[in-house]
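# Structural description and commentary
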Amino acid sequence: MEFFSNIGKIPYEGKDSTNPLAFKYYNPDEVIAGKPMREHLKFALSWWHTMGGDGTDMFGCGTADKTWGESAPEARAKAKVDAAFEIMQKLSIDYFCFHDRDLSPEYGSLAASNAELDKVTDYIKAKQDETGLKCLWGTAKCFDHPRFMHGAGTSPSADVFAFSAAQIKKALESTVKLGGTGYVFWGGREGYETLLNTNMGIELDNMARLMRLAVDYGRKIGFKGDFYIEPKPKEPTKHQYDFDTATVLGFLRKYGLDKDFKMNIEANHATLAQHTFQHELATARVNGVFGSIDANQGDPLLGWDTDQFPTNVYDTTMCMYEVIKAGGFTNGGLNFDAKARRGSFTPEDIFYSYIAGMDAFALGFRAALKLIEDGRIDKFIEDRYASWNTGIGKDIVDGKVTMEDLEKYALSKGEVTDSLSSGRQEMLESIVNNVLFSL
Ligand code: XLS
Ligand code: NI
Ligand code: NI
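Let us look at the structure shown here. Values in this document were obtained by computation on a predicted structure and should not be read as measured data.

Definitions and cut-offs
Residues numbered from 1 in each chain as written. Chains lettered and ligands numbered in written order. Predicted model: local features only at pLDDT ≥ 70, side-chain atom pairs only at ≥ 80, totals over all residues. Heavy atoms only, no water. Buried < 20%, exposed > 50% of the residue type's maximum accessible area, 1.4 Å probe, protein only. Helix = DSSP H or I, 4+ residues; strand = E, 2+ residues; numbered from the N terminus. Pairing = 2+ DSSP bridges. Near = heavy atom within 4 Å. Polar contact = N/O pair within 3.5 Å; in protein donor to acceptor, adjacent residues only side chain to side chain. Areas by Shrake-Rupley, 256 points an atom, 1.4 Å probe, with all protein chains shown as cover. Nonpolar A, V, L, I, M, F, W, Y, C, P; charged D, E, K, R; others polar. Phe/Tyr/Trp six-rings, centres within 6.5 Å; stacked < 30°, edge-to-face > 60°. Lys NZ or Arg CZ within 6 Å of the ring centre and 35° of its normal. Donors = N, O, S within 2.8 Å, 3.2 Å for Na, K, Ca; no water. Tetrahedral: all angles 85-135°; square planar, octahedral: opposite > 155°, others 65-115°.

## Overview of helix H15 (residues 403-413)
- The element H15 is barely covered by neighbouring structure, given that only zero of its eleven residues are classed as buried.
- Immediately beyond the C-terminal end of H15, within one or two residues, lies glycine 414, with a positive phi of roughly 80°.

This is the structure:
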């Protein structure tokens, strides 16, 4: 059955096209920098927002029909698969990401939920064999059901910890079954509201214990992909333990997990942490833990995770600039953890929103390549740090000097003047505009 019979495969028509159902910048098979755009960008559909999110918010019910024409949960889960594959094929999206419960809901007992999940993953696997579409990453929804009200791995209840482990075990098996190249830990309710009822030490130790158990089990069953942590500073809890990349790095290093995890950076989580998206990506890159991206954007005037489709080209440019500097995606990709606005409720809006996001990243990718090829920014940064390549700078880098040597050097020099130069922020910002708007 075709769900979107009025929409065909979305063509690339180039920047002069005014057809809203065409790509202006994303040309999947165009070879740029040695490989097709689709392989550079590795777009993924998020099963939760696209197949399940109906626009429900704190103030009102859903506005979009995401029943896929079925009322029984088993039939709806299968219809979702058919509709998801149709969307991916029509939009030239090669990957999808899922939570276990997006594919198949809970059925009263863990055993029954697992059995139904197996039926759905069998069905997906058959479709993957038929179409070649792939799984980017999977995860477990250990935050939705009331049992997780105080957290999953960080719950004060050992039974909840055990249940979470069991659910993650199955989600890992499902990810391996579908060929996923990543497994994500997003903190869900792993955080706290008040220290009046919280033992932070036990909670952090347990979170690490759960991750260690999961990594060991994943490797045991042959998962060769990457484990990711997706940092987020707040929401739903006031203090989420995985605040940002730097905080997560400290946690991973404390518990000896730093060799096992990379980051899944989400744009809207970065801004919630009062960082730019680029800051989070750069922090991951320079620490060797860049992995994957949840592509979306927030609204600076709203203080929460609005998960909007990304359309800000300045941000997508600086994002792709970081991705290129990190060597591109290996196991990761660009997952649209994004939802159409509640008022954008028609089936066409699914396509318009993905086209908007994909084109924004395609444009950002083209612009980032141009920025690098242009070379002015890189050259400026290189020159700015030139004092580390010779003389006293080189001696410091080589570990050849003591505090006494540096004092002697400083005393002999007098005030620092000759190696101080302008930061040229405005000039550099205008170079970015110059490159961006002459594409
Ligand atoms: C929520 C997170 C979530 C993760 C997957 O804010 O972004 O959607 O990506 O659990
Ligand atoms: Ni996310
Ligand atoms: Ni999010």
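## Re the pairing of strand E4 (residues 95-99)
- Burial of E4 is extensive: five of the five residues sit out of reach of the surface.
- Residues Tyr95, Cys97 and His99 point to one face of E4 and Phe96 and Phe98 to the other, with burial holding for every one of them.
- With three bridges connecting them, strand E3 (residues 43-46) and E4 associate as parallel partners. In the strand pairing of E4, leucine 45 is matched with phenylalanine 96.
- Relative to strand E5 (residues 134-139), E4 is paired through five bridges, and the arrangement is parallel. What sits directly across from phenylalanine 96, in E5, is cysteine 135.

## Concerning the site of ligand 1
- In the vicinity of ligand 1, the contacting residues are Trp48, His99, Trp186, Glu230, Lys232, Glu266, His269, Asp294, Asp305 and Asp337.
- Taking histidine 99, its side chain carries an N or O atom lying 2.7 Å from an oxygen atom of ligand 1.
- Aspartate 294 is positioned such that a nitrogen or oxygen atom in its side chain is 2.8 Å from an oxygen atom of ligand 1.
- Here ligand 1 loses 93% of its free accessible area of 290 Å² to cover by the protein chains.
- The class makeup of the residues in the shell around ligand 1 is two nonpolar, two polar and six charged.

## Regarding the packing of aromatic side chains
- Applying the stated criterion across every chain yields a total of 24 aromatic pairs.
- Here the aromatic residues Phe23, Tyr26, Phe43, Phe309, Phe336, Tyr354 and Phe361 are joined through ring pairs into a cluster of three or more.
- Of note, lysine 78 hangs over the ring of tyrosine 123, and the distance from its end group to the ring centre comes to 4.8 Å.
- A cation sits over an aromatic face here: arginine 147 above phenylalanine 163, 3.9 Å from the ring centre.

## Observations concerning the coordination of the nickel ion (ligand 3)
- Distances from the nickel ion (ligand 3) to its protein donors, namely Glu266 (OE), His269 (NE2) and Asp305 (OD), fall within the range 2.1 to 2.3 Å.
- Mapped onto the sequence, the residues coordinating the nickel ion (ligand 3) show the spacing E-x2-H-x35-D.
- Between the nickel ion (ligand 3) and the nickel ion (ligand 2), a separation of 3.7 Å is found, and both are coordinated by glutamate 266.

## Examining the coordination of the nickel ion (ligand 2)
- Looking at the metal site, the nickel ion (ligand 2) is ligated by Glu230 (OE), Glu266 (OE), Asp294 (OD) and Asp337 (OD), spaced 2.0 to 2.1 Å from it.
- One can describe the donor arrangement at the nickel ion (ligand 2) as octahedral, given that its six donor atoms subtend angles of 81 to 174° at the metal.
- For the nickel ion (ligand 2), the donor residues sit on a single chain with the sequence spacing E-x35-E-x27-D-x42-D.
- With relative accessibility at 4%, the residue glutamate 230 sits in the buried group.

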